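Now for the letters of each chain:
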Amino acid sequence: MKRKLRMGMIGGGSDAFIGAIHRMAAFMDNQIELVCGCFSIDPKICLESGRSYFLPDNRIYKNFEEMIKEEHLLPEGERMDFITVVTPNFWHFEPAMMALDHGFNIVIEKPITFSLEQAHLLKKKVDETGLILALTHTYTGYPAVKEAKARVARGDFGKIRKVYVEYPQGWLSSRIELEGGNNAGWRTDPKRSGKAGSMGDIGTHAWNLAEYITGLKVVELCAELNAFVPGRPIDDDGVAILRYDNGARGVLTASQVAAGEANALAIRVYGEKGGLEWRQENPNTLIVKWTDKPTELINIGGNGYLSDIARYNTRTPAGHPEGYIEAFANIYRNFALCLQAKMAGETPKPEWLDFPNVNDGLRGMQFIETVVAAGYDDNTKWVKWIE
């Protein structure tokens with residue numbers, strides 16, 4: 001291809017947080033441009049946002065239905081190539097399904113849908129159309145996370161036995177959703193967020209990170225979910241004990257009432273011969289631990305001792321910070337390269353396929369369904385993975 005991919009955006013107006021992150025990530029590799037969008041249900045915010053992104057008024061749409069229909073009618077050389085959906089959870093499914101029905105590829109925020117039933121339908125539609133769907137489980141984009149995955153996969157630590165993954169935040173320690181002017185409102189409302197609060201919002205990230213690094217699948221879990229803040233109708237804290245398909249055991253904690261914490265995502269993985277540790281707040285360092293030799297600090301950068309996949313996803317020289325936006329951009333870049341290859345009738349390179357897809361999205365909804373089934377019961381019980 002000799003042009004940029006043309007992106008349409010649903011959500012992500014000037015009053016939203018995550019839309020700006022998506023645009024920065026999408027534009028980082030100069031492979032994508034924004035050509036149209038429906039940025040808000042508020043007509044004024046939608047129009048002002050589109051104009052601030054330098055879009056002509058006729059490519060700023062009132063709703064996603066109008067956008068998809070009108071873009072579909074444009075000549076191939078003008079219409080968008082894909083849509084990125086950055087709306088609250090309950091607005092993921094309908095635009096995604098309509099986009100697929102009209103031949104548009106998709107990038108979508110997590111969790112992929114509002115319900116497990118919707119996730120099954122969306123996966124079926126992706127399989128039927130053969131279109132590409134990328135899911136923004138951002139943390140899998142970090143080079144250190146990819147290095148961790150590569151070392152586990154090549155057997156450095158032997159058979160994996162134990163996984164600890166945690167994601168503590170503190171921003172919902174009080175009922176800020178009642179104050180307005182923030183995105184806590186929909187995240188703490190089961191009618192808009194779905195069945196799970198903290199576990200759906202950040203617990204899915206912790207679960208996905210653990211499965212990505214280890215290559216293992218959760219097959220059963222028991223859990224406890226809590227709503228610590230009085231009056232909150234959905235969980236703001238939880239813990240799950242996990243059983244993996246190789247016999248390993250895991251512990252997952254996710255809390256949005258860990259007062260004073262920001263985004264302290266961290267994971268430890270232990271095998272027969274050693275283990276590893278990674279913390280998002282120090283993302284360029286992977287700690288590797290051994291039973292018979294000193295602990296190693298693996299610094300991420302253009303280092304020859306890193307795996308090919310880690311080097312491919314590394315953007316800065318060693319010692320320079322490489323963080324959240326770059327990890328996000330790795331997902332967009334790999335999605336874009338796969339889409340470009342498909343449009344050119346070529347086979348994507350294996351490293352381009354390394355981004356979360358509709359299967360990860362479906363498993364994320366299965367995690368939510370299973371952890372809720374196990375967690376809202378005073379009697380601790382094991383629940384098999386809900387398909």
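Analysis parameters
- Residues numbered from 1 in each chain as written.
- Predicted model: local features only at pLDDT ≥ 70, side-chain atom pairs only at ≥ 80, totals over all residues.
- Heavy atoms only, no water.
- Salt bridge = Lys/Arg side-chain N within 4 Å of Asp/Glu carboxyl O.
- Helix = DSSP H or I, 4+ residues; strand = E, 2+ residues; numbered from the N terminus.
- Buried < 20%, exposed > 50% of the residue type's maximum accessible area, 1.4 Å probe, protein only.
- Pairing = 2+ DSSP bridges.
- Axes fitted to C-alpha atoms, helices over the stretch in contact; angles between N-to-C directions.

Digging into the pattern of salt bridges
Per the counting criterion, the structure on display carries 24 salt bridges. Between Lys146 and Asp354 there is a salt bridge, with the nearest N and O atoms lying 2.6 Å from each other. Taken as a pair, Lys146 in helix 6 (residues 143–153) and Asp354 in the loop between helix 11 (324–343) and helix 12 (358–375) lie far apart in primary sequence, 208 residues in all. Asp354 carries the same exposure label as Lys146, and that label is buried. Linking Lys195 and Glu369 is a salt bridge whose minimum nitrogen-to-oxygen distance equals 2.6 Å. Of the two residues, Lys195 sits in the loop between helix 8 (190–193) and helix 9 (198–214) while Glu369 sits in helix 12, which places them 174 residues apart along the sequence.

A look at the sheet that holds strand 8 (residues 237–244)
A sheet is described by the order of its strands in space; here nine strands give the open sequence 13-12-11-10-6-9-8-7-14, paired in mixed fashion. At either end of the open sheet lies a strand with only one pairing partner, and these are strand 13 (296–299) and strand 14 (383–384). By the bridge criterion, seven bridges tie strand 6 (residues 160–168) to strand 9 (residues 249–255) in an arrangement that is parallel. Counterpart to Tyr164 in the pairing with strand 9 is Val251.

Regarding unusual backbone geometry
The omega torsion across Lys110 and Pro111 is -15°, close enough to zero to call that bond cis. Of note, Pro111 is situated in the loop between strand 4 (105–108) and helix 5 (116–129). Non-glycine residue Asn30 carries a positive phi angle of around 60°. Relative to the assigned elements, Asn30 resides in the loop between helix 1 (18–27) and strand 2 (32–38).

Notes on the sheet that holds strand 4
In spatial order, the strands read 2-1-3-4-5; together these five strands make up an open sheet with parallel pairing. On the outer flanks of this sheet lie strand 2 and strand 5 (133–135), each paired with one strand and no other. The mean inter-strand angle of the sheet, taken between neighbouring strand axes irrespective of direction, is 25°. Pairing analysis gives five bridges linking strand 1 (residues 5–11) to strand 3 (residues 82–86), with the strands arranged parallel.

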